[in-house]
Amino acid sequence: MGIRYNWQKDEILAIYNTPFLELVYQAATVHRQFHNPKQIQVCKLISIKTGGCPEDCGYCAQSSRYKTEVKPEALLEKETVLNIAKKAKETGVSRVCMGAAWREVRDNSQFEQVLEMVKDVTSMGLEVCCTLGMLTANQAQSLEDAGLYAYNHNLDTSEEYYSTVITTRTYGDRLNTIENVRTTNVTVCSGGILGLGESIEDRVGMLYTLSNLQPHPESVPINILSQVEGTPLANQPAVPIWEVVRMIATARIIMPTSDVRLSAGRAKLSQVEQALCFMAGANSIFSSDDNKMLTVTTPCPDYDADRQMLNLLGLEMRPPFEKQGKTPAGQVTGYR
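### So, the pattern of salt bridges
Should the charged atoms of two oppositely charged side chains come close, the side chains can pair.
And step 1. This structure, assessed with the given rule, holds 19 salt bridges.
And step 2. As a salt-bridge pair, K44 and D289 come within 3.0 Å of each other at their nearest N and O atoms. Here the residue K44 occupies a position in strand 1 (residues 39–49), and D289 occupies one in the loop between strand 9 (282–287) and helix 11 (303–313), the gap between them amounting to 245 residues.
And step 3. Residue classification places K44 among the buried positions, given a relative accessible area of 3%.
And step 4. Overall, D289 belongs to the partly exposed group, its relative accessible area being 29%.
And step 5. Across the pair E55 and R103 runs a salt bridge whose closest N-O atoms are separated by 3.4 Å. Note that E55 is positioned in the loop between strand 1 and helix 3 (78–90) and R103 in the loop between strand 2 (95–100) and helix 4 (109–122), a separation of 48 residues in sequence.
And step 6. Overlapping salt bridges, with partners in common, bring together E55, R103, E104, R106 and R169 in one network.

Set out below in structure tokens:
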């Protein structure tokens, strides 16, 4: 199977609606063509600046517009971040993602502190990803110069449904940030959230946009909504596992080289359900030392539980820098 950048919505919908077992089989076949099926990348997400975000994302516990149990906190000290990253590396984590509840990156002392964090965590031999909101091409270049491996900026949902969930930033703003990252050698991480009240057509629409980016995002996180009390989407129903697996399998088939990341909401899934996701092509998870993924509103399995699960399934933790043809030194390599 080749790599395509001209997928049509009706084609993607037909894949999504393929009979379930056949869909999983097709996705598993594609997965084995482009990835080592024995490996799962384990990532750690650190909230380096929590709460107080001015945006109105309807799902987010960190928005200053909603009363949730998440309280605003100052930017973490660099040593705190380094200690968390060091512990993560010792458990086999190969990617550390640092998230700040900002609308956009500003050229100030806080951004300089983040650049120093990126440099020092990268020097530990870890892939470093940041999610800091919107950024300019110059800011993306500064992050690359600091050693950043990936930048996360999710589309969340389809362009048509987007304004139902968020009004303080446009879909075009999100695509523009991805374009700014693409002016550098930093890899792109972009996906979405299931359970926002979107239709199947909206899920297909999001995948359509991602799959028509050239190149595809190197990482595509599939998140399951964590219903947070105090947010507009607090009462959304749970997403059935069958729909989660269909989304993962469809993403795997149409973006065969991308890492498909089973991200927020994984704590809701049993080991058997997670195994189905891995069969369908997910090859990355987020793990934790404190049973939370970003804030207390998003539970996350811990390192010990995940190691036990991976051992049970006969899976290995993928070392850093084994994908996307990039090494810490910036040398170009092939897939190993």
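Alright, that's what it looks like, and here's the rest.
### As for helix 11
And step 1. Buried within helix 11 are the following residues: Y303, D306, M309 and L310. The arc that holds every buried residue of helix 11, seen down its axis, measures 130 degrees, which confines them to one face. Opposite the buried face of helix 11, at more than 90 degrees from it, the exposed residues are D304, N311 and L312.
And step 2. Elements in contact with the buried residues of helix 11: strand 1, helix 3, helix 10 (271–279), strand 9 and strand 10 (316–317).
And step 3. Capping the start of helix 11, D302 holds a side-chain oxygen 3.2 Å from the backbone nitrogen of D304, two or three residues further along.
And step 4. Of the residues flanking the end of helix 11, it is G314, one or two places downstream, whose phi is positive at about 70 degrees.

### Remarks on unusual backbone geometry
And step 1. Put simply, Q214 and P215 share a cis peptide bond, and its omega is 5 degrees.
And step 2. Within the secondary structure, P215 sits in the loop between helix 8 (200–211) and strand 7 (219–224).
And step 3. One non-glycine residue, D156, lies in positive phi territory at about 75 degrees.
And step 4. Tracing the backbone through its elements, the reader meets D156 in the loop between strand 4 (150–152) and helix 6 (159–165).
And step 5. Assessed through its relative accessible area of 3%, D156 is described here as buried.
And step 6. We note that F321 has phi near 65 degrees; this positive angle belongs to a residue other than glycine.

### Thoughts on the nonpolar core
And step 1. Grouped together as the largest cluster of nonpolar side chains are 88 residues, with contacts concentrated most on I48, L132 and Y151.
And step 2. Looking at which element gives the most residues to this core, the answer is helix 9 (residues 241–254), with nine residues.
And step 3. Residues C97, Y149, A150 and M293 belong to the second largest nonpolar core, which totals 11 residues.

### Observations regarding the environment of T297
And step 1. Checked against the element boundaries, T297 lands in the loop between strand 9 and helix 11.
And step 2. Setting aside anything within four residues of it in sequence, one finds T297 in contact with A61, E69, V70, S226 and V228.

### Some remarks on the packing of helix 9 against helix 10
And step 1. Direction vectors running N to C along helix 9 and helix 10 enclose 25 degrees, while the axes themselves pass 8 Å from each other. Taken together, the axes of helix 9 and helix 10 are roughly parallel relative to one another. Helix 10 is crossed by helix 9, and the crossing has right-handed handedness. Counted together, I241, W242, V244, V245 and I248 of helix 9 and E273, L276 and C277 of helix 10 form the full contact between these two elements.

### Details of the pairing of strand 1
For a regular strand, side-chain orientation follows a simple rule: the groups alternate between the two sheet faces.
And step 1. Where burial is concerned, most of strand 1 is hidden: 11 out of the 11 residues are buried.
And step 2. Here strand 1 runs beside strand 10; their pairing, made up of two bridges, is parallel. Within strand 10, the position partnered with I40 by the bridge is M317.
And step 3. Judged from the four bridges that link them, strand 1 and strand 9 form a sheet pairing that is parallel. Residue pairing in the sheet places C43 in a bridge with F286 of strand 9.
And step 4. Here six bridges tie strand 1 to strand 2, and the two strands are oriented parallel to one another. When the sheet's bridge partners are listed, C43 is paired in strand 2 with R95.
And step 5. Between the parallel elements strand 1 and strand 2, the chain passes through helix 3 in a crossover that is right-handed.

The rules we used
- Each chain has its residues counted from 1, following the order in which its sequence is written.
- With the structure being a predicted model, the display of local features is reserved for residues of pLDDT at least 70 and the display and counting of side-chain atom pairs for 80 or more, all residues being used for whole-chain, interface and lining totals.
- Each side-chain value is worked out from all heavy atoms of the structure, with water and hydrogens disregarded.
- In what follows, salt bridge is the name for a side-chain nitrogen of Lys or Arg lying within 4 Å of a carboxyl oxygen of Asp or Glu.
- Helix and strand definitions here come from DSSP, where helices need a minimum of 4 consecutive H or I residues and strands a minimum of 2 consecutive E residues; each element is numbered from the N-terminal end.
- For every residue, the accessible area obtained with a 1.4 Å probe (protein chains only) is divided by the maximum for its type, and the residue is called buried under 20%, exposed over 50%, and partly exposed between those limits.
- When we speak of the arc, we mean the arc of directions from the helix axis to the C-beta atoms.
- Contact between two residues is taken to exist if any of their heavy atoms lie within 4.5 Å; hydrogens are not considered.
- Two N or O atoms form a polar contact when they lie within 3.5 Å of each other; inside protein one atom must be a possible hydrogen donor and the other a possible acceptor, and for residues adjacent in sequence the pair counts only when both atoms belong to side chains.
- Think of a nonpolar core as a cluster: buried Ala, Val, Leu, Ile, Met, Phe, Trp, Tyr and Cys residues, connected wherever their side-chain atoms sit within 4.5 Å.
- Simply put, an axis is a line fit to the C-alpha atoms, just over the touching stretch for a helix, and the angle between two N-to-C directions goes from 0 to 180 degrees.
- Put simply, angles under 35 degrees are roughly parallel, angles over 145 are roughly antiparallel, angles from 65 to 115 are roughly perpendicular, and the rest are oblique.
- Whether a crossing is left-handed or right-handed is set by the direction in which the near helix is turned from the far one by less than a right angle, anticlockwise for left-handed and clockwise for right-handed.
- We call two strands paired when DSSP finds no fewer than two bridges between them.
- When the strands point away from the viewer, a crossover counts as right-handed if the path from the first strand over the helix to the second runs clockwise.

Function cannot be read off these values alone, since they describe shape.
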